[in-house]
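Fold and geometry: a report
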Amino acid sequence: MTTKKLLEELNQVQLAIELIELGARLQVLESEVSLNRGRLVRLYKEVSGKSPPKGMLPFSTDWFMTWQPNVHSSFFYNIYARLREGQKLERMQAFIKAYKLYQEHIQLSGEEEVLALTRAWTLVRFFESDMFQLSKCNCCGLQFVNHAHTPDHDYMCGVCQPPSRAGKPLKQKPLKSRKEI
Amino acid sequence: MSHSKTISELQELNLSYLMLVQKLIVEDRDTAIFRLKIDDDLADLIADMSAKELTMLARQPQSLLQPNLGPVSQLKAILTNKRDTGMQATHLAMHMASA
């Protein structure tokens with residue numbers, strides 16, 4: 001009995017450490033890890049070398065619908081869904097692996113890391129709370145994050161059909177014309 | 001039938017692939033399955049193969065690999081998107097993740 005409890009506690013500590021290393025805010029830890037707040041705060045300080053930032057989490061669904069965040073979020077969520085639903089991984093396992101694969105892409109492509117871990121976690125929670133759905137783009141056929149219960153038979157994603165003022169100037173290329181953000 | 005150079009290259013590719021699969025599975029099974037798009041049964045089978053079995057399979061003058069590029073029309077749409085918004089790499093990565 002005691003061995004089981006000890007092992008479980010160790011697993012939770014390990015989970016907390018992984019999440020902290022990936023940038024999780026305290027609220028994420030409190031939600032997902034079964035250690036008390038005091039221990040989580042201490043762990044946070046030890047692992048990250050600083051005190052956990054205070055303040056509420058940004059809880060808006062709107063952010064995920066803006067152009068670049070939508071593409072990055074959709075990319076992350078596709079990976080998460082594949083691992084969770086396709087490969088039947090346990091929830092936090094799938095989440096952490098998916099986030100690491102997202103980070104890998106950022107590193108390989110040199111794109112900006114738009115989706116922080118806490119944001120990714122919020123995204124998953126929004127899907128679980130039925131506030132988001134996936135809509136299929138009529139051009140590329142890929143699934144994108146969208147408000148739940150939105151009619152989407154004509155849906156076009158932000159890459160196949162960018163909003164008229166999308167597109168930041170690329171750092172590598174010389175600017176041919178001024179693009180408004 | 002004489003062995004053409006191309007068949008040898010195919011056989012080498014087969015063997016390299018199987019060995020890489022074994023390595024990936026040992027390193028991180030779930031991520032390997034995600035990257036390779038194979039199922040659990042095949043992953044287990046390849047992971048447990050002996051050198052003899054690997055070689056026997058690899059020597060078949062058939063490709064052990066099938067392209068994993070998803071629907072052609074979708075891939076084409078992504079690659080030929082004329083709107084340069086800096087999102088192409090992520091778009092492609094998304095396509096590959098869902099393939």
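Residues numbered from 1 in each chain as written. Chains lettered and ligands numbered in written order. Predicted model: local features only at pLDDT ≥ 70, side-chain atom pairs only at ≥ 80, totals over all residues. Heavy atoms only, no water.

Identification of chain B as Flagellar transcriptional regulator FlhD from Pseudidiomarina donghaiensis is taken from an unreviewed UniProt entry.

**Focus: unusual backbone geometry**
Residue and element names in this part refer to chain A. Under the convention used in this document: Strands here mean DSSP runs of E at least two residues long; helices mean DSSP runs of H or I at least four residues long; both are numbered from the N terminus. Any residue under 20% of the maximum accessible area for its type is buried, any over 50% is exposed, and the rest in between are partly exposed; the area is computed with a 1.4 Å probe on protein chains only.
The residue Lys88 is not glycine, and still its phi comes out positive at about 60 degrees. The residue Lys88 is located in the loop between helix H4 (67-86) and helix H5 (91-109) in this model. What makes Lys88 exposed here is its relative accessible area of 66%.

**As for the side chain of B:Asp30**
Condition: As used throughout, the charge tally considers Lys and Arg to be positive and Asp and Glu to be negative, leaving His and the chain termini uncounted. The rule for a salt bridge is simple: a side-chain nitrogen of Lys or Arg has to be within 4 Å of a carboxyl oxygen of Asp or Glu. Any two residues having at least one pair of non-hydrogen atoms within 4.5 Å are treated as being in contact.
In this structure, B:Asp30 sits in helix H2 (residues 29-36). For B:Asp30, which is buried and forms no salt bridge, the nearest opposite charge comes from A:Lys97, at a distance of 4.6 Å. Residues in contact with B:Asp30, not counting those within four places in the same chain, are A:Leu83, A:Gln87, A:Leu89, A:Gln93 and A:Lys97.

**Considerations on the domain arrangement of chain B**
All names here are of chain B. Short version of the rule: Domain boundaries shown here were taken from an automatic or database domain assignment. What counts as buried area is the accessible surface, traced by a 1.4 Å probe, that two parts surrender upon association, with contributions from both included. As used in this structure description, the phrase polar contact means that two N or O atoms lie within 3.5 Å; if the pair is within protein, one of them must be able to donate a hydrogen and the other to accept it, and residues adjacent in sequence are counted only when both atoms belong to side chains. Residues are grouped as follows: Ala, Val, Leu, Ile, Met, Phe, Trp, Tyr, Cys and Pro are nonpolar; Asp, Glu, Lys and Arg are charged; all remaining types, including Gly, are polar.
Entries for chain B in the domain assignment read domain 1 (1-66) and domain 2 (68-99). When each unit is reduced to the centre of its C-alpha atoms, the spacing between domain 1 and domain 2 is 27 Å. Each side of the interface is counted separately: domain 1 has four residues, and domain 2 has four residues. Summing both sides of the interface, domain 1 and domain 2 together bury roughly 280 Å²; the carbon and sulfur share of this comes to 50%. Considering only the surface of domain 1 that becomes buried against domain 2, Phe34, Lys37 and Gln66 emerge as the three largest contributors, covering 94% of it. Here domain 1 and domain 2 share zero salt bridges between them. Taken together, the links from domain 1 to domain 2 amount to two residue pairs in polar contact (both at pLDDT 80 or more). In terms of residue class, the side of domain 1 that touches domain 2 is built from one nonpolar, one polar and two charged.

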